[in-house]
Amino acid sequence: MPKKIHILLALLLLPLACSPKSDTEAGKEQAPTTVTVCAMGEVDSRWLTLMGETLQASFKVEWKPGSAMDYPEGAYNASRNQYDAPTILKYIHKNQPPTEGVMVLVEGDLYREGRNYLFGYALMPGNISIMSLARLDGSAFGYQPTDTKTVPRIIKTTVHEFAHNLGLSHCQHDDTCVVSDTLGLKDLDNKQMNFCPTCERWICMVCGMEVEEGRERMRKLFEKYGLVVEFSPLEEN
Ligand SMILES: [Zn+2]
Ligand SMILES: [Zn+2]
């Protein structure tokens, strides 16, 4: 019997009613220090690089590209033409050392029972997350993919899902915070790429960074991709 996944599954689209945990030690224990980023299906490698660089900038973790994975047996639902996210997560979980993180960009469209589709799906806390390129590039919504739209969506979803891996629930402070629940494509596009001050403080503490350092790292990433992001004024004390 594979080890039972007993931890809470966090859904990008599932509202979770709690604020950031005050127990920061939990995040520290769970936090993977290296994350392997890989594809499931046909995925442009530059998206994997973008995900890796986003993780490195936002959470101060190392990343490495991993070999592409095949879809697990039983994941494809022909009547929906979609892949079952929990089946994929369980399949990855079977072979993944618990101390190392893995983030998988899935070419196809993801769903789970009760949800029409998912942008991403993550263990919370945990070391595994998956994201659907078909949703993030807009093709599953019938849009022609453009980098201008896809780059920020991949950054936002990478940050969002890894924050769940660290144990952070959906943000209840600011509905544009990158960790707030996402209610659709328009909502994802309206979201910020960075954290609200509350989530920012929590993430920086768990990842061992001063807030200023965290911002500087993210600023460099945004600059590299030609994105302009406003940060709120740093709080006193
Ligand atoms: Zn979420
Ligand atoms: Zn927040």
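What counts and how
- Residues numbered from 1 in each chain as written.
- Chains lettered and ligands numbered in written order.
- Predicted model: local features only at pLDDT ≥ 70, side-chain atom pairs only at ≥ 80, totals over all residues.
- Heavy atoms only, no water.
- Buried < 20%, exposed > 50% of the residue type's maximum accessible area, 1.4 Å probe, protein only.
- Helix = DSSP H or I, 4+ residues; strand = E, 2+ residues; numbered from the N terminus.
- Right-handed = clockwise from strand over helix to strand, strands pointing away.
- Pairing = 2+ DSSP bridges.
- Donors = N, O, S within 2.8 Å, 3.2 Å for Na, K, Ca; no water.
- Tetrahedral: all angles 85-135°; square planar, octahedral: opposite > 155°, others 65-115°.
- Contact = heavy atoms within 4.5 Å.
- Axes fitted to C-alpha atoms, helices over the stretch in contact; angles between N-to-C directions.

K.L.:
Where do I start with the pairing of strand β2 (residues 34-40) in this structure?
P.N.:
With six of its seven residues buried, β2 lies for the most part within the structure. Chirality of the crossover, the property in question, places the unit of β2, helix α2 (residues 45-59) and strand β3 (residues 62-65) among those that are right-handed. Two elements, β2 and strand β6 (residues 101-106), share six bridges in a ladder whose sense is parallel. Bridge pairing links threonine 36 to valine 102 in β6.

K.L.:
Where do I start with the coordination of the zinc ion (ligand 2) in this structure?
P.N.:
For a metal with four tetrahedral donors the ideal donor-metal-donor angle is 109.5 degrees, while six octahedral donors give ideal angles of 90 or 180 degrees. Taken together, Cys171 (SG), Cys177 (SG), Cys196 (SG) and Cys199 (SG) make up the protein donors of the zinc ion (ligand 2), found 2.3 Å from the metal. Around the zinc ion (ligand 2) sit four donor atoms; with metal-centred angles ranging over 105 to 115°, the donor geometry is tetrahedral. Considered as a linear motif, the donors of the zinc ion (ligand 2) on their single chain read C-x5-C-x18-C-x2-C. Taken together, the residues span a long stretch of sequence, with cysteine 171 in the loop between α5 (147-165) and α6 (185-190) and cysteine 199 in helix α7 (residues 197-206) at a distance of 28 residues. Overall, the relative accessible area of 6% leaves cysteine 171 in the buried class. Look at cysteine 199 and you get buried, because its relative accessible area is 0%.

K.L.:
Would you take a moment to explain the coordination of the zinc ion (ligand 1) for this structure?
P.N.:
The coordination sphere of the zinc ion (ligand 1), as far as protein atoms go, consists of His160 (NE2), His164 (NE2) and His170 (NE2), spread over 2.0 to 2.1 Å. Mapped onto the sequence, the donors of the zinc ion (ligand 1) take the spacing H-x3-H-x5-H. The two residues histidine 164 and histidine 170 agree in class, both being buried.

K.L.:
Is there a simple way to explain the sheet that holds strand β7 (residues 110-112) in this structure?
P.N.:
One key point about sheets: their strands pair by backbone hydrogen bonds, in either a parallel or an antiparallel sense. The strand order across the open sheet formed by four strands is β4-β5-β7-β8, and the pairing between neighbours is mixed. Only two strands of the sheet have a single neighbouring strand rather than two, namely β4 (76-77) and β8 (115-118). With two bridges joining them, strand β5 (residues 82-84) and β7 adopt parallel strand pairing. Its bridge partner being in β7, tyrosine 83 is matched across the sheet by leucine 110. Contacting β5, β7 and β8, helix α3 (residues 85-95) crosses the sheet at an angle of about 50° to β5.

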